[in-house]
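Structural overview
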Number of protein chains: 2
Amino acid sequence: MSLEIVSQSRCFGGRQVTYRHQSQETGTPMRFAVFHPPQSERGKVPVVWFLAGLTCTEENFTVKAGAQRVAAELGLMLVAPDTSPRGEGVPDDPEGAYDFGLGAGFYLDATQAPWAANYRMRSYLERELPALIGAGLPADMGRQSIMGHSMGGHGALTMGLRNPERFKAISAFAPIVSPLNCPWGEKALSNYLGLDRAAWRAYDACALIRDGARAPELLVDQGEADPWLQSQLKPELLQAACAEAGVKLTLRRQPHYDHSYFFISSFIEDHLRWHAERL
Amino acid sequence: MSLEIVSQSRCFGGRQVTYRHQSQETGTPMRFAVFHPPQSERGKVPVVWFLAGLTCTEENFTVKAGAQRVAAELGLMLVAPDTSPRGEGVPDDPEGAYDFGLGAGFYLDATQAPWAANYRMRSYLERELPALIGAGLPADMGRQSIMGHSMGGHGALTMGLRNPERFKAISAFAPIVSPLNCPWGEKALSNYLGLDRAAWRAYDACALIRDGARAPELLVDQGEADPWLQSQLKPELLQAACAEAGVKLTLRRQPHYDHSYFFISSFIEDHLRWHAERL
């Protein structure tokens, strides 16, 4: 299984690379972006995963978040995967909606037709891609952490909570904290997983915590001018679940900030330094 | 003449705003992006202009360069204009090429049909837009500087050299230093300005310097892995013109860097600090 380099650019003394490979899990070619900090030329470095939101590819975080400067200073590899399978034969939302199908994989393994064949982002990110990266790149896979934005914040929280031994730090920007309790989640999970909501709980950060999953602590930034705050994101649900379970949550409500990468770029340095202290 | 706000986002404690207005010079609606640093809520702040390259709009620098963090620290307003007129009836390259017409205004006033009616980016940026910004935004128009990338590096150098009283600092990333001596310039200037090459000299940094234009100093970063370095950019021509004329040029050749915003983002902090010292 080989990694093909699609493009690479020097950046802050390191290298920003886009890779492509044939995925066994999704049955499609997949792309992902990696920032190799300068320190990785001399040895293995810790890995910070960033999962992006609805409509995004591996490119959005890479070009918009301004993360490379701090990652170069701290010696962190940044890995940004795509948000869904893509390509010939991959089924999409019948109406081409932005919140389901292509660009909206929700970081789960679908069980329902026609989605189950390709939409396997959970297994792709929990097994296939880390194995590839561990084998092919100068990554210290004993030191990993995860963060994400919106749908990718959901991905980071749920993947982190399900795999506490793998991820030493978990944080999120404006995450969907409970797909069981918002329209984006209702639509996606009912289609991907079917109507039995018990099957959704492995993909709901609040439900995972209620069902016993634990993380040492969580960091969440949420803009108060985010247009999805009340209808979709609902950080108060995570706050309640963490409070009940005794999980330490640092929830920072940022006045005036919205849902954009201007918000992410303003606080990415805080997150990367918080991760580096824990890696 | 009113400025319409198309979008705005909180960013590093300031505001990133996209404006739209009807331009008298181009005869079209024009967009531009402004970063308002937090300091501008308390009074007027200096203005740094950034002119973008071929194919770009006001958005590229705004979302990709990572400039807001440093501008917020230094209290600089960042203004990023579009690179050409756009819209119904604006003529474009007959074959839709990327290097002429839409997205490729070359920061000049065209004199040839059918371009002369709309392609007036020089007058737009030398007269109309600064007047609008001075009247409508908290900008200290006595403290302006200019920078740009590629075609926009050409724009920054030529506009700076023609207006030394206006711009207190001039710098560029991978600029086209001499449209008289490269294929991009040959194509664009022959179409916009006609075949009399004497008329091109006001739009050629090297020719301007040879013809007597002066700046206190120039800062240029150029990636050595830039695919356009030898065929289009030719920084050695600027080096020679500056040496002959006694203009101080700091030309930094950056090993391994290419022509992308990964290159710009790696050095934008240096440029902004260099500008701030001179503003």
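Going by the structure above, here's the rest.
Everything in this summary refers to the structure shown in the same document.

Points about the layout of surface pockets
Roughly 590 Å³ of internal volume is contained in the second largest pocket. What lines the second largest pocket is a set of 29 residues, and nearest its centre among them are Lys64, His259, Ser260, Tyr261 and Phe262 of chain B. The set of elements that each furnish at least two residues to the lining of the second largest pocket consists of β1 (4-11), β2 (14-22), β3 (29-36) and α1 (59-64) of chain A together with α1 (59-64) and α9 (261-278) of chain B. Considered class by class, the residues forming the lining of the second largest pocket number eleven nonpolar, 13 polar and five charged.

Quick notes on the interface of chain B and chain A
Residue-level contacts link 22 residues of chain B with 22 residues of chain A. Between chain B and chain A the total buried area reaches about 1700 Å² when both faces are included, carbon and sulfur atoms providing 59% of it. If you look at where chain B meets chain A, you find zero salt bridges. Run the count over chain B and chain A and you get eight residue pairs in polar contact (both at pLDDT 80 or more). Going through the elements one at a time, β1 (4-11), α1, α2 (68-74) and α9 of chain B are the ones with two or more residues in the side of chain B that touches chain A. The greatest single-element share of the side of chain B that touches chain A, amounting to five residues, is contributed by α9 of chain B. A breakdown of the residues in the side of chain B that touches chain A according to their chemical character gives seven nonpolar, ten polar and five charged.

Thoughts on helix α9 (residues 261-278) of chain A
Residues and elements named next belong to chain A. Its 18 residues place the ends of α9 24 Å apart at the C-alpha level, agreeing with the 26 Å of an ideal helix rising 1.5 Å per residue. Where α9 bends most, at Phe267, the angle is about 45°. Taken residue by residue, α9 has Tyr261, Phe262, Phe263, Ile264, Ser265, Ser266, Phe267, Ile268, His271, Leu272, Trp274 and His275 as its buried positions. Backbone nitrogen of Phe262 and a side-chain oxygen of the N-cap are separated by 3.1 Å at the start of α9; the cap is Ser260.

Let's talk about the relation of the copies chain B and chain A
Least-squares fitting of chain B to chain A yields an RMSD of 0.0 Å, with the transformation described by 0.0 Å of translation along the axis and a rotation of 180°. The two molecules are tied by a two-fold rotation axis, judged by turn and shift. Taken together, the interface assignments show that 100% of the residues at the interface of chain B recur at the interface of chain A, consistent with an identical surface on both copies.

Thresholds applied
Residues numbered from 1 in each chain as written. Chains lettered and ligands numbered in written order. Predicted model: local features only at pLDDT ≥ 70, side-chain atom pairs only at ≥ 80, totals over all residues. Heavy atoms only, no water. 1 Å grid on protein atoms, 1.4 Å probe; cavity = no way out; pocket = protein on both sides within 12 Å on 5 of 7 lines; lining within 4 Å. Points joined across faces, edges and corners; volume = space filled by probe spheres on them. Helix = DSSP H or I, 4+ residues; strand = E, 2+ residues; numbered from the N terminus. Nonpolar A, V, L, I, M, F, W, Y, C, P; charged D, E, K, R; others polar. Contact = heavy atoms within 4.5 Å. Buried area = accessible area lost by both parts, 1.4 Å probe. Salt bridge = Lys/Arg side-chain N within 4 Å of Asp/Glu carboxyl O. Polar contact = N/O pair within 3.5 Å; in protein donor to acceptor, adjacent residues only side chain to side chain. Expected span 1.5 Å × (residues − 1). Bend = angle between axes of the 7 residues up to and from the residue. Buried < 20%, exposed > 50% of the residue type's maximum accessible area, 1.4 Å probe, protein only. Least-squares fit on C-alpha atoms with pLDDT ≥ 70 in both.

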